[in-house]
Amino acid sequence: MSREGFSDFVRALERSPGLRRDFQNLATLDAVIELARRTGFSVSAGDFQADAHCSKIENWFNKSRI
């Protein structure tokens, strides 16, 4: 699992209109992973799951009043 590769892929999606176009046409996570790998990014399904989990935790901390 490569969190760095995942982060790099997300940044590339934010900056590349062509990559975003390709991404928008994808229907499955496997297709997204294939696009990432084909364009040189090392990502796995676990990276997406870990990101979703981290986002939930981050949202909880941002909303909590501890």
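Above this text you will find the structure in question.
None of the values given here were measured: they were computed from a predicted structure.

Now for the overall build of the protein chain. Across its full length, the protein chain holds four helices and zero strands. Along the protein chain, helices (α) and strands (β) appear in the sequence α-α-α-α when read from the amino end. Scored against the burial criterion, the 66 residues of the protein chain give a buried share of 23%. Pairs at least 24 residues apart make up 49% of the contacts formed inside the protein chain by residues separated by at least 6 positions. Of the roughly 5000 Å² of accessible surface on the protein chain, a fraction of 51% belongs to carbon and sulfur atoms.

What follows deals with helix 1 (residues 3–15). The terminal C-alpha atoms of helix 1 lie 19 Å apart, and with 13 residues this matches the ideal 18 Å at 1.5 Å per residue to within 8%. Those residues of helix 1 that fall on the buried side of the exposure criterion are G5, F6, F9, A12 and L13. Angular distribution of buried residues about the axis of helix 1 spans 125°; they occupy a single face of the element. Of the residues in helix 1, the exposed ones pointing more than 90 degrees away from the buried face are E4, E14 and R15.

The final tally for this structure, using the stated rule, is one salt bridge. One salt bridge in this structure joins D8 and R11, with 2.5 Å as the shortest N-O distance. On the criterion of helical spacing, the pair formed by D8 and R11 is a turn pair, its members being three residues apart in helix 1.

Another point: the side chain of D47. Within the fold, D47 resides in helix 4 (residues 45–63). Separated by 2.7 Å, the side chain of D47 and the backbone nitrogen of S44 make a polar contact.

Take the environment of A36 next. Along the chain, A36 turns up in helix 3 (residues 29–38). On a C-alpha basis, the gap between A36 and G5 in space is 8.9 Å, while along the polypeptide they are 31 residues apart. The contacts of A36, once residues within four sequence positions are left out, are F9, F41 and V43.

Calculation rules
Residues numbered from 1 in each chain as written. Predicted model: local features only at pLDDT ≥ 70, side-chain atom pairs only at ≥ 80, totals over all residues. Heavy atoms only, no water. Helix = DSSP H or I, 4+ residues; strand = E, 2+ residues; numbered from the N terminus. Buried < 20%, exposed > 50% of the residue type's maximum accessible area, 1.4 Å probe, protein only. Contact = heavy atoms within 4.5 Å. Areas by Shrake-Rupley, 256 points an atom, 1.4 Å probe, with all protein chains shown as cover. Expected span 1.5 Å × (residues − 1). Arc of directions from axis to C-beta. Salt bridge = Lys/Arg side-chain N within 4 Å of Asp/Glu carboxyl O. Polar contact = N/O pair within 3.5 Å; in protein donor to acceptor, adjacent residues only side chain to side chain.

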